[in-house]
Amino acid sequence: MVNIILGTTNKPVSSSRLTLFFAKHHGYNGFLYIGYPIIGTSEGAFPIDALWISPEKGLVIFNIIEGRNVGNFIEIQDDCANKVEAKLKGHKSLMKGRDLQVPINVVSFGSAVAGFKTDLNDDHVVCTEQTLKGYIDKLSWENSTIYGSLLAVLQSISSIRKGKKKREVKKEDSRGAKLKKLEDSIANLDNLQGQAVIETVEGVQRIRGLAGSGKTIVLALKAAYLHAQHPDWKIAVTFNTRSLKGQFRQLINTFTIEQTNEEPDWDNIQVIHAWGAPGGGDRNGLYYVFSQLHGIEYHDFNSARGQFGSRNEFNGACERALQQIKKSVGIYDAILIDEAQDFPPSFLQICYELTTAKRRLVYAYDELQNLASQALPPPEIIFGKNSDGSPRVKFETQKIGIPHQDIILEKCYRNSRPLLVTAHALGFGIYRDADIEVGTGLVQIFDHTELWLEVGYSVERGELADGLEVTLVRTEESSPKFLESHSETDDLIVFKTFNTPDEQAEWIADEIEKNLNEDELRPDDIVVINPEPLTTRDAVGPLRKLLFERGVNTHLAGVDTTPDVFFDTDKKSIAFTGIFRAKGNEAGMVYIINAHDCFNSFGNLAAVRNRIFTAITRTKAWVRVCGVGVGMSNLEREYKRVKKNLYKLSFRYPTEDERKKINIVNRDMTETEIQKVKKGKKELATLIEDLSAGRLYVEDLGSEQVEKLRNLLEAKRAKKK
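Going along each chain's sequence as written, the residues are numbered from 1 onward. Where totals are concerned, whole chains, interfaces and linings use all residues; where local detail is concerned, this predicted model gives features only for residues with pLDDT of at least 70, and gives and counts side-chain atom pairs only at 80 or more. Each side-chain value is worked out from all heavy atoms of the structure, with water and hydrogens disregarded.

Considering the overall build of the protein chain
Then step 1. Of regular secondary structure, the protein chain possesses 25 helices and 25 strands.
Then step 2. Its C-alpha atoms give the protein chain a radius of gyration of 29 Å, near enough to 27 Å, the size a compact globule of 721 residues would have.
Then step 3. Along the three orthogonal principal directions, the C-alpha set of the protein chain runs to about 105 × 70 × 60 Å.
Then step 4. Burial classes follow relative accessibility: with a 1.4 Å probe on protein chains only, a residue under 20% of its type's maximum area counts as buried, one over 50% as exposed, and anything between as partly exposed. Buried positions account for 53% of the 721 residues belonging to the protein chain.
Then step 5. For this analysis, residues touch if any pair of their heavy atoms sits within 4.5 Å. Partitioning the intrachain contacts of the protein chain with sequence separation of at least 6 by distance along the chain shows that 71% fall at a separation of at least 24.
Then step 6. The Shrake-Rupley method, run with a 1.4 Å probe, gives the accessible areas here. Residue values count only the displayed protein chains as cover. Carbon and sulfur atoms make up 49% of the accessible area of the protein chain, which totals about 33,000 Å².
Then step 7. When charges are counted, Lys and Arg are positive and Asp and Glu negative, with His and the chain ends excluded. The location of each charge is read from NZ of Lys, CZ of Arg, CG of Asp or CD of Glu. Considering the protein chain, the positive charge centre built from 94 side chains and the negative charge centre built from 98 side chains are found 1 Å apart. Under the scheme used here, helices are H or I runs from DSSP no shorter than 4 residues and strands are E runs no shorter than 2 residues, and both carry numbers assigned from the N terminus. As a reference, a globule follows 2.2 Å times the number of residues to the power 0.38, and the radius of gyration itself is taken over C-alpha atoms.

Right, here's the structure in full:
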């Protein structure tokens with residue numbers, strides 16, 4: 001079977017016919033790419049119309065002809081062959097001496113060129129759907145043992161994950177040496193990531209994946225790919241974490257040069273914040289652009305807080321903006337949104353309105369990284385309805401010849417299996433003591449059970465269904481073994497409970513010194529994360545002071561650096577950060593300080609559990625989860641249960657009613673709501689105590705009030721039954 005990857009093309013009719021040809025002929029194997037690859041040459045980008053890699057036939061380049069005119073197909077075929085040959089000859093694995101070991105075949109293909117005849121034995125052949133099979137069947141590849149190497153070369157869209165600087169190590173078994181091997185092993189994209197980069201739909205596309213599945217890299221590559229294919233398009237890339245801006249610009253710049261031999265045209269490809277403010281340049285943002293474009297009121301953070309309330313600032317501003325426009329004006333040919341789980345749906349609607357007629361909008365997200373603990377609704381709800389009541393955006397059933405609208409990246413390349421399962425166990429509360437109000441320790445759970453399978457879990461025991469026991473495991477397919485085999489599991493994850501904050505700071509300072517002086521880790525291999533965003537500056541102060549006294553440079557990301565900078569490699573400084581700025585970044589060694597803040601929290605338990613999940617998943621290799629007191633020892637106890645269960649998730653899947661209760665009890669509340677609930681509980685306790693002691697009589701409460709209370713309780717009891 002031929003796997004078909006559909007990139008963008010300006011020759012849609014014949015490309016579609018070529019796709020259908022391979023879909024119908026099941027005897028062929030390999031990969032067919034439409035609109036890929038793009039070869040960087042001295043004259044700039046040279047896009048290949050289509051390319052088929054086959055273990056039996058070798059490599060076939062297609063010059064796609066739209067219409068009846070074959071044009072100068074001989075010259076085009078020669079150009080294609082020369083450009084691809086030059087690219088392949090740069091890889092030793094495909095060479096023997098000076099000779100390329102891959103046969104390069106080129107054919108022109110058109111669905112409407114039946115009147116133009118060529119001999120299938122000629123050097124330059126033109127085929128239709130009727131003659132293509134005859135041409136292909138004559139091809140053969142004797143040295144197909146290097147098919148895997150050929151595939152790797154052509155699928156490695158870019159060497160994306162290598163370290164920013166060359167890593168020098170002297171000891172074979174040091175942490176630095178282990179990190180170098182890990183980075184080398186994950187330098188290239190896998191098939192699904194490659195598909196997510198190349199396939200772009202006319203309309204909305206969703207890319208889902210766990211932390212570490214490569215969503216940010218995929219979006220950066222996709223932006224560069226679209227820019228190379230359509231240099232005149234206006235493309236915007238937006239995100240929530242400010243420190244991602246520099247990372248996106250660096251990645252897009254690298255990828256564009258690799259694909260076109262030219263710098264990107266930054267006038268046409270914009271890496272732009274979501275909110276924005278007046279002043280232009282780096283202050284620009286999509287919401288601000290939308291407001292200016294439509295001549296409507298703009299709100300900065302403070303005015304939005306005043307108008308729409310705390311924790312509803314951006315959503316309120318976006319909703320108001322959408323209400324104020326009569327007809328949208330689109331200026332971007334494509335908008336790519338990273339970290340969509342951290343945006344309100346109203347912002348995604350604004351992005352949708354900012355796109356031109358084709359409505360090319362790509363949003364990538366991971367629901368478990370949502371620190372606001374609000375799941376992103378399905379696209380039918382996010383983008384609203386047409387005047388006839390039909391959804392403006394609807395994901396259709398996948399069909400042959402149509403790019404995928406919904407892509408799931410199920411492999412996690414950043415976190416090892418034990419790390420990821422631990423993060424999920426704590427994030428969901430799988431091994432948390434049962435809450436007497438809910439009857440389960442679960443803090444949150446997927447509404448749709450199939451999501452577990454889609455993010456790379458398999459059912460080892462039981463059944464993944466409401467009310468039934470189940471054991472979920474990650475396989476080597478979804479969590480590659482090499483991510484965990486470099487170190488003992490007890491070294492990959494360490495939980496430490498301390499009696500005082502000073503003890504915690506002393507231990508972490510000692511470990512960091514050891515990392516730098518003995519383990520061959522660089523300062524930018526280490527990140528210290530404080531999960532509580534509001535206390536970070538003060539909370540990390542004592543540890544930073546200790547390190548300063550020992551001659552170790554540190555910085556508070558976004559405070560001691562500009563907002564767009566996370567790692568300060570020039571000053572050889574270790575990054576300290578709160579949880580929000582940590583998102584989107586990664587390091588070999590992650591220290592989580594004050595993790596006890598993530599054990600429990602009245603009014604936002606799901607949010608604090610998401611923080612510990614996010615913090616753990618920032619590491620590429622090792623994590624140290626540190627905290628103080630009872631909260632930390634309880635969190636450590638939960639981790640020991642994960643370990644005892646051999647890094648598997650064993651639990652009873654809650655029923656629909658239980659899931660509703662979990663969501664209510666652990667819902668994210670504002671400070672005002674928290675105080676209101678606490679006050680209500682206290683007053684109810686006092687009332688019950690007074691009634692029990694005879695200091696107050698039921699009759700004193702009034703029959704109407706008592707009746708209302710009775711009805712409420714009976715309705716609740718009936719619902720339980």
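Quick word on the pattern of salt bridges
Then step 1. Here, a salt bridge means any side-chain nitrogen of Lys or Arg that lies within 4 Å of a carboxyl oxygen of Asp or Glu. In the structure shown here, the tally under the stated rule is 40 salt bridges.
Then step 2. Note that Glu353 is salt-bridged to Arg359, the shortest N-O span being 3.9 Å.
Then step 3. Looking at Arg359, the relative accessible area reads 19%, which means it is buried.
Then step 4. Residue Arg695 pairs with Asp690 through a salt bridge whose shortest N-O separation is 2.9 Å.
Then step 5. Accessibility expressed as a relative area gives 52% for Arg695, which makes it exposed.
Then step 6. Several salt bridges share partner residues, and in doing so they unite Arg175, Asp491, Asp519 and Arg624 into one network.

A word on a nonpolar patch on the surface
Then step 1. Patches in this entry comprise residues that are over 30% relatively accessible and not in a salt bridge; like charges within 9 Å are linked, as are nonpolar side chains (Val, Leu, Ile, Met, Phe, Trp, Tyr) within 5 Å. A cluster of nonpolar residues, Leu293, Val329 and Ile331, forms a patch on the protein surface that exposes about 190 Å² of accessible area.
Then step 2. Among the secondary structure elements, Leu293 is positioned in helix α9 (residues 286–294).
Then step 3. Residue Leu293 is classed as partly exposed on the basis of its relative accessible area of 34%.

Re the packing of aromatic side chains
Then step 1. A pair of aromatic rings is counted whenever rings of Phe, Tyr or Trp (Trp by its six-membered ring) have centres within 6.5 Å, and the orientation is called stacked for planes under 30 degrees apart, edge-to-face for over 60 and tilted otherwise. One pass over the structure, following the stated rule, counts 31 aromatic pairs.
Then step 2. Arranged with centres 6.0 Å apart and planes meeting at 15°, the rings of Tyr363 and Tyr365 form a pair that is stacked.
Then step 3. You can call Tyr363 buried: its relative accessible area is 0%.
Then step 4. One aromatic cluster is present, built from ring pairs that chain together Trp275, Tyr287, Tyr288, Tyr298, Phe301, Phe314, Phe343 and Phe347.

Quick word on the sheet that holds strand β24 (residues 619–628)
Then step 1. The pairing criterion is simple: DSSP has to find at least two bridges between the two strands. One open sheet accounts for 6 strands, arranged β19-β24-β23-β20-β22-β21; its pairing is parallel. Each edge of the open sheet is held by one strand with a lone partner, namely β19 (493–498) and β21 (554–556). Neighbour-to-neighbour, the strand axes of the sheet open up by a mean angle of 20°, direction not taken into account.
Then step 2. Across the sheet, helix α19 (residues 541–549) touches β20 (526–530), β21 and β22 (574–578), and the angle it forms with β21 is around 155°. Note on geometry: axes are lines fitted to C-alpha atoms, helical ones only across the stretch in contact, with angles between N-to-C directions running from 0 to 180 degrees.

Quick word on the state of the cysteines
Then step 1. Criterion for a disulfide: a pair of cysteine sulfur atoms at a distance within 2.5 Å. Evaluation of the coordinates by the stated rule reveals 0 disulfides.
Then step 2. Unpaired in terms of disulfides, Cys318 finds its nearest cysteine sulfur in Cys351, a separation of 8.2 Å.
Then step 3. Sulfur of Cys598: no disulfide; nearest cysteine sulfur belongs to Cys626 and is 12 Å away.

Looking at α9
Then step 1. α9 sits mainly inside the fold: 7 of its 9 residues count as buried.
Then step 2. Within α9, the full set of buried residues consists of Leu286, Tyr287, Tyr288, Val289, Phe290, Ser291 and His294.
Then step 3. Where α9 is buried, its residues contact β12 (235–238), α11 (313–324), β14 (334–337) and α12 (345–354).
Then step 4. The first or second residue beyond α9 is Gly295, which carries a positive phi of 60°.

A few points about the environment of Phe347
Then step 1. Looking at where Phe347 falls in the secondary structure, it is placed in helix α12.
Then step 2. Judged by relative accessible area, Phe347 falls into the buried class, the value being 0%.
Then step 3. Considering only alpha carbons, one finds Phe347 and Ile382, 35 residues apart in sequence, at a separation of 9.5 Å.
Then step 4. Here Phe347 is in contact with Thr238, Ala274, Leu286, Tyr287, Phe314 and Cys318, once residues within four sequence places are set aside.

Re a negative patch on the surface
Then step 1. On the surface, Glu75, Asp78, Asp119, Asp122 and Asp123 cluster together to form a negatively charged patch.
Then step 2. Following the sequence through the fold, Glu75 ends up in helix α2 (residues 73–88).

Section: the side chain of Asn594
Then step 1. In this fold, Asn594 is placed in the loop between β23 (587–592) and α21 (605–616).
Then step 2. Between N or O atoms, a polar contact is any pair within 3.5 Å; within protein, one atom must be a potential hydrogen donor and the other a potential acceptor, and residues adjacent in sequence are included only when both atoms are from side chains. Among the polar contacts listed, one links the side chain of Asn594 to the side chain of Gln504, at a separation of 3.0 Å.
Then step 3. With near-sequence residues (within four places) excluded, Asn594 lies in contact with Gln504, Asn530, Pro531, Ala539, Cys626 and Gly627.

Comments concerning the sheet that holds strand β6 (residues 58–65)
Then step 1. The sheet built from 6 strands is open, its strands ordered β1-β2-β5-β6-β9-β10 with mixed pairing. A single partner strand is all that each edge strand has here, and the edge strands are β1 (2–6) and β10 (125–127). Strand-to-strand twist of the sheet, defined as the mean angle between neighbouring strand axes without regard to direction, takes the value 25°.
Then step 2. Alignment of β1 against strand β2 (residues 30–34), held across 5 bridges, turns out to be parallel. From the neighbouring strand, Ile5 faces β2, where its bridge partner is Tyr33.
Then step 3. Running over the sheet, α2 touches β6, β9 (104–110) and β10 and is turned about 140° from β9.

Brief notes about α21
Then step 1. In this analysis, the expected span of each helix is defined as 1.5 Å times one less than the number of residues it contains. End to end, α21 covers 17 Å across 12 residues, agreeing with the expected 16 Å (1.5 Å per residue, within 8%).
Then step 2. Counting buried positions over the 12 residues of α21 gives 12, a clear majority of the element.
Then step 3. Of the positions making up α21, those classed as buried are Leu605, Ala606, Ala607, Val608, Arg609, Asn610, Arg611, Ile612, Phe613, Thr614, Ala615 and Ile616.
Then step 4. Turning to α21, the residues buried within the fold contact α14 (417–428), β20, α20 (579–582), β23, β24 and α22 (629–644).

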